[in-house]
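Architecture at a glance
Spelled out, the chains give:
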Amino acid sequence: LPGGIAVLAGLAAGARTTAAKASLTSVGLIACTFAAIELSGGEMAMHIHLYAVLVYVALYQQWAPLLCAVVVVVLHHGSLGLAQPERVFGYHHMSHLAGLGQVALHAGLAALEVVGIVILWHFAEQAERETEAAQEAAEQQRRAVEEAERRSRERETEAERVRAAQAAERAGRL
């Protein structure tokens, strides 16, 4: 398992696109969780690492890394959790039915976290749109002020020209 994590790290480092790097890094982080679970003998406390890692995967705010991470978790917990539940969930002599219950519980918790992540993304995108709109409004306001100042200078210049012409006309009459 550590060799697989190293391979994923190497692939992520050599990936050409940001999306590929993010997806490979996400799967590598999830693989670290699987290593921690395996090394701990399936202790439930190590499963918390999975939920923490999903938060970091969510920081990419991209679907591909999140979906890759979720698919890998589903495949791992779904297959190994049903075939050898004691390796994944740490309970010796766990029945397959109990393993199925643990798989369902973990899947439900992961789904709940993913829903929370998607809701967070929604609000982050909404805040970003609001910030962009405020910046655009500020830019339009700046342009309007500059235009008003330009017009004011033109009016002032024209008024000065008219005053100078009137003064010249008066001087000529004198």
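Residues numbered from 1 in each chain as written. Predicted model: local features only at pLDDT ≥ 70, side-chain atom pairs only at ≥ 80, totals over all residues. Heavy atoms only, no water.

1. Some details on the packing of aromatic side chains
Inspection of the entire model under this criterion finds 1 aromatic pair. When the centroid spacing of 5.2 Å and the interplanar angle of 85° are considered together, the rings of W63 and W121 count as edge-to-face. Pair noted here: W63 is in helix α4 (residues 63-83) and W121 is in helix α6 (residues 96-173), with a separation of 58 residues, a long-range link. With a relative accessible area of 48%, W63 lands in the partly exposed category. (Phe/Tyr/Trp six-rings, centres within 6.5 Å; stacked < 30°, edge-to-face > 60°. Helix = DSSP H or I, 4+ residues; strand = E, 2+ residues; numbered from the N terminus. Buried < 20%, exposed > 50% of the residue type's maximum accessible area, 1.4 Å probe, protein only.)

2. Some points on unusual backbone geometry
One non-glycine residue, Q61, lies in positive phi territory at about 50°. Within the secondary structure layout, Q61 lies in the loop between α3 (44-58) and α4. Of the residues examined, Q61 reaches a relative accessible area of 40% and is grouped as partly exposed.

3. Concerning the side chain of E113
In this fold, E113 is placed in helix α6. Buried charged residue E113 carries no salt bridge. Nearest counter-charge: R129, at 22 Å. For E113, the residues in contact, after removing those within four places along its chain, are Y51, L54 and V55. (Lys, Arg positive; Asp, Glu negative; His and termini not counted. Salt bridge = Lys/Arg side-chain N within 4 Å of Asp/Glu carboxyl O. Contact = heavy atoms within 4.5 Å.)

4. Looking at the packing of helix α2 (residues 18-39) against α3
Contact geometry for α2 and α3: axes closest at 8 Å, N-to-C directions at 170°. The angle between α2 and α3 places the two elements in the roughly antiparallel class. Residues S26, L29, I30, C32, T33, A36 and I37 of α2 pack against M46, H47, H49, L50, V53, L54 and V57 of α3. Class assignment of the residues belonging to the contact of α2 with α3 gives a composition of 10 nonpolar, 4 polar and no charged. (Axes fitted to C-alpha atoms, helices over the stretch in contact; angles between N-to-C directions. Parallel < 35°, antiparallel > 145°, perpendicular 65-115°, else oblique. Nonpolar A, V, L, I, M, F, W, Y, C, P; charged D, E, K, R; others polar.)

5. A word on α4
Across its 21 residues, α4 extends 29 Å between first and last C-alpha, which sits within 8% of the 30 Å expected from 1.5 Å per residue. Where α4 is buried, its residues contact α2, α3, α5 (85-89) and α6. (Expected span 1.5 Å × (residues − 1).)

6. Looking at the side chain of H76
When you line up the elements, H76 lands in helix α4. In this structure, H76 is in contact with F34, G81 and V88, ignoring residues within four places of it in sequence.

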